[in-house]
Amino acid sequence: MKALQLIAHGEPGKFEVRELADPQPGPGEVVVEVKACGLNHLDLWTEEGALPIPIELPRTPGCEVAGTVLSAGPQVSGWKAGHRVAVQSNLFCGQCQYCKQGEESMCLNARMLGVQTDGGFAEKMVVPQGALAHLPDNLDFKISAALTLAGSTAMHMLTNRAQVRPGDWVLVMGGASGVASAAIQIAKALGARVISTGSTEVKRDLARRLGSEFVLDTKDPDWTSQVRKTTAKRGVDLVVEHVGGKIFEQLFSCLARGGTIVTCGATAGRDVALNLWPLFVKQQRIVGSYGRNSADLKASLEWASSGKLKPVIDRILPLEQTPEAFQLLRSRQVLGKIVIEP
Ligand SMILES: [Zn+2]
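Because the structure is predicted, anything quoted here is derived from the model rather than measured. (Residues numbered from 1 in each chain as written. Predicted model: local features only at pLDDT ≥ 70, side-chain atom pairs only at ≥ 80, totals over all residues. Heavy atoms only, no water.)

K.L.:
When you look at the packing of helix α1 (residues 41-48) against helix α11 (residues 322-330) in this model, what are you seeing that I'm missing?
P.N.:
Any two packed helices are characterised by how steeply their axes cross, that is the angle between the axes, and by the distance between the axes. Two elements in contact, α1 and α11, have axes whose closest approach is 10 Å; the angle formed by their N-to-C orientations is 105 degrees. Considered as vectors, α1 and α11 are oriented roughly perpendicular to each other. Residues His41, Asp43, Leu44, Glu47 and Glu48 of α1 form the contact with α11, whose participating residues are Phe326, Leu329 and Arg330. Residues belonging to the contact of α1 with α11 are distributed by class as follows: three nonpolar, one polar and four charged. (Axes fitted to C-alpha atoms, helices over the stretch in contact; angles between N-to-C directions. Helix = DSSP H or I, 4+ residues; strand = E, 2+ residues; numbered from the N terminus. Parallel < 35°, antiparallel > 145°, perpendicular 65-115°, else oblique. Contact = heavy atoms within 4.5 Å. Nonpolar A, V, L, I, M, F, W, Y, C, P; charged D, E, K, R; others polar.)

K.L.:
How should I be thinking about the pairing of strand β4 (residues 64-72) in this particular structure?
P.N.:
Looking at chain direction, strand β3 (residues 29-38) and β4 are connected through eight bridges and run antiparallel. Counterpart to Glu33 in the pairing with β4 is Thr68. With four bridges connecting them, β4 and strand β5 (residues 84-87) associate as antiparallel partners. Following the sheet pairing, Val65 is matched in β5 by Val87. (Pairing = 2+ DSSP bridges.)

K.L.:
Please clarify how the coordination of the zinc ion should be interpreted in this entry.
P.N.:
Geometry reference: four tetrahedral donors at a metal, ideal angle 109.5 degrees. Six octahedral donors, ideal angles 90 or 180 degrees. Here the zinc ion is held by Cys93 (SG), Cys96 (SG), Cys99 (SG) and Cys107 (SG), and the distances to it run 2.3 to 2.4 Å. For the zinc ion, the four donor atoms in the first shell make angles of 101 to 119 degrees at the metal, a pattern classed as tetrahedral. Overall, Cys93 belongs to the partly exposed group, its relative accessible area being 26%. (Donors = N, O, S within 2.8 Å, 3.2 Å for Na, K, Ca; no water. Tetrahedral: all angles 85-135°; square planar, octahedral: opposite > 155°, others 65-115°. Buried < 20%, exposed > 50% of the residue type's maximum accessible area, 1.4 Å probe, protein only.)

K.L.:
Before we go on, may I ask you to explain the packing of helix α4 (residues 150-161) against helix α5 (residues 178-189) in this structure?
P.N.:
At a minimum axis distance of 8 Å, the contact between α4 and α5 shows a crossing angle of 50 degrees. Looking at the two axes, α4 sits oblique to α5. For the element pair α4 and α5, the recorded crossing hand is right-handed. Residues Ala150, Gly151, Thr153, Ala154, Met155, Met157 and Leu158 of α4 form the contact with α5, whose own contacting residues are Gly178, Val179, Ala182, Ala183, Ile186 and Ala187. Here the residues of the contact of α4 with α5 sort into 10 nonpolar, three polar and no charged. (Left-handed = near helix turned anticlockwise from the far one by under 90°.)

K.L.:
Would you explain the environment of Val272 in this entry?
P.N.:
Take Val272: it is sitting in the loop between β14 (255-263) and α9 (276-281). A sequence separation of 199 residues divides Val272 from Gly73, and the C-alpha atoms of the two residues are 45 Å apart.

K.L.:
Can you help me understand the pattern of salt bridges in this one?
P.N.:
A side chain with one charge may pair with a side chain of the opposite charge, provided their charged atoms come close. By the definition in use, this model includes 19 salt bridges. Two residues, Glu47 and Arg330, come together in a salt bridge whose shortest N-O distance is 2.3 Å. One end of the pair, Glu47, is in helix α1; the other, Arg330, is in helix α11, with 283 residues separating them in the sequence. One salt-bridge network, held together by shared partners, links Glu201, Arg204, Arg208, Asp217 and Lys219. (Salt bridge = Lys/Arg side-chain N within 4 Å of Asp/Glu carboxyl O.)

K.L.:
Just to check I follow, could you spell out the packing of aromatic side chains for this structure?
P.N.:
To describe a pair of aromatic rings, you give the distance between the ring centres and the angle between the ring planes. Following the criterion strictly, the structure yields five aromatic pairs and no others. Taken together, a centroid distance of 4.8 Å and an interplanar angle of 55 degrees make the contact between Phe15 and Phe326 tilted. Residue Phe15 is found in strand β2 (residues 14-19), and its partner Phe326 is found in helix α11; the two are separated by 311 residues along the sequence. The residues Phe15 and Phe326 share a single accessibility class, namely buried. Judged by centre distance (6.4 Å) and plane angle (40 degrees), the rings of Trp169 and Phe214 are tilted. (Phe/Tyr/Trp six-rings, centres within 6.5 Å; stacked < 30°, edge-to-face > 60°.)

K.L.:
Could you clarify how one ought to interpret the pairing of strand β17 (residues 337-341) in this entry?
P.N.:
Along a regular strand, successive side chains alternate from one face of the sheet to the other. The element β17 is largely enclosed, with a buried count of four among its five residues. Two elements, strand β16 (residues 313-318) and β17, share five bridges in a ladder whose sense is parallel. Its bridge partner lying in β17, Arg315 is registered against Ile338. One crossover worth recording links β16 to the parallel β17 by way of α11, and it is right-handed. (Right-handed = clockwise from strand over helix to strand, strands pointing away.)

K.L.:
I keep staring at helix α6 (residues 201-210) and nothing clicks. Help me out?
P.N.:
Each turn of an α-helix holds 3.6 residues, which means side chains three or four residues apart point in the same direction. Turning to α6, its buried residues are Lys203, Arg204, Leu206, Ala207 and Leu210. Projected onto a plane normal to the axis of α6, the buried residues spread over an arc of 155 degrees and lie on a single side. Among the exposed residues of α6, those pointing more than 90 degrees away from its buried face are Val202 and Arg209. Among the structural elements, α5, β11 (193-197) and β12 (214-216) are those in contact with the buried residues of α6. One or two residues past the end of α6 sits Gly211, with phi positive at roughly 125 degrees. (Arc of directions from axis to C-beta.)

K.L.:
I keep staring at the sheet that holds β12 and nothing clicks. Help me out?
P.N.:
Backbone hydrogen bonds are what pair the strands of a sheet, in a parallel or an antiparallel way. With respect to topology, six strands assemble into an open sheet ordered β12-β11-β10-β13-β14-β15, the strand pairing being parallel. A strand with exactly one partner marks an edge of an open sheet, and here the two such strands are β12 and β15 (285-288). Across the sheet, the mean angle from the axis of one strand to that of its neighbour is 20 degrees, orientation sign disregarded. The pairing of strand β10 (residues 169-172) with strand β13 (residues 236-241) spans three bridges and is parallel.

Below you can see the structure in the form of structure tokens.
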């Protein structure tokens, strides 16, 4: 089988498409024929070696997979060749105290697909059976691959880690990204009013089309006061955040009393200065969100199947062009998702 392997870290890293032996399933594992795999910021961190965990090279990245089951190893139940599946990227153990409560995103023994095990930028891959979810019949592989990770991350943020209520004001940062474009749609469908941000007019236009009532440019020094003006000085109830860096520090001036910032990433920097005064005086919360539970993946596939959640696909590229896709994402030229078809 063909697989894209990361051979050396860097910006860009060194990649090669190689012919490898077909993966074999161990106990409790299945082999999936990859039909489509979305590209994510996590893949860039893998490429750059910018994660606080060791990564063995060579490694096949790719953590947002849709495909069909090819074969199942011993002790696999309920999955057989031909099943159409989405694969969740936080590979959980299914045994620890959190997994037993359905909080697989907190698994004590989790591994990241495409980071600590070989991922989906390949024709075939092997994963534990617990990582699979059935793909609804009417969902295309490419559609699924564009929201398996991004859509379910947003679902986890908005319905598990924070709960959006009808009438809430929700500020979704970087509205044209994969996670944010899903978050706008989910918040809107749950009855919230959405404000979003975007660094270019094209990105702001996309955020508007997805349902944002107001879209601001964070390069505008006045953007936080515009959020307050839009919400009649009250501020937003919830910020959906994945940017980090300096922008994170500005979020508190957009946040209402009792409001929550839910964050699932920090593409612009993980170290931020925090002024605790507004946090405790206004009784605000910062909530971390990591990955998704199986229930979030199932919910986002159901939402997509019923037309409530539509991924934004920038372009679809063949396996050989995956390194170019990494460059496009790094240079922030992507609207929604890039999907690779191995
Ligand atoms: Zn676990």
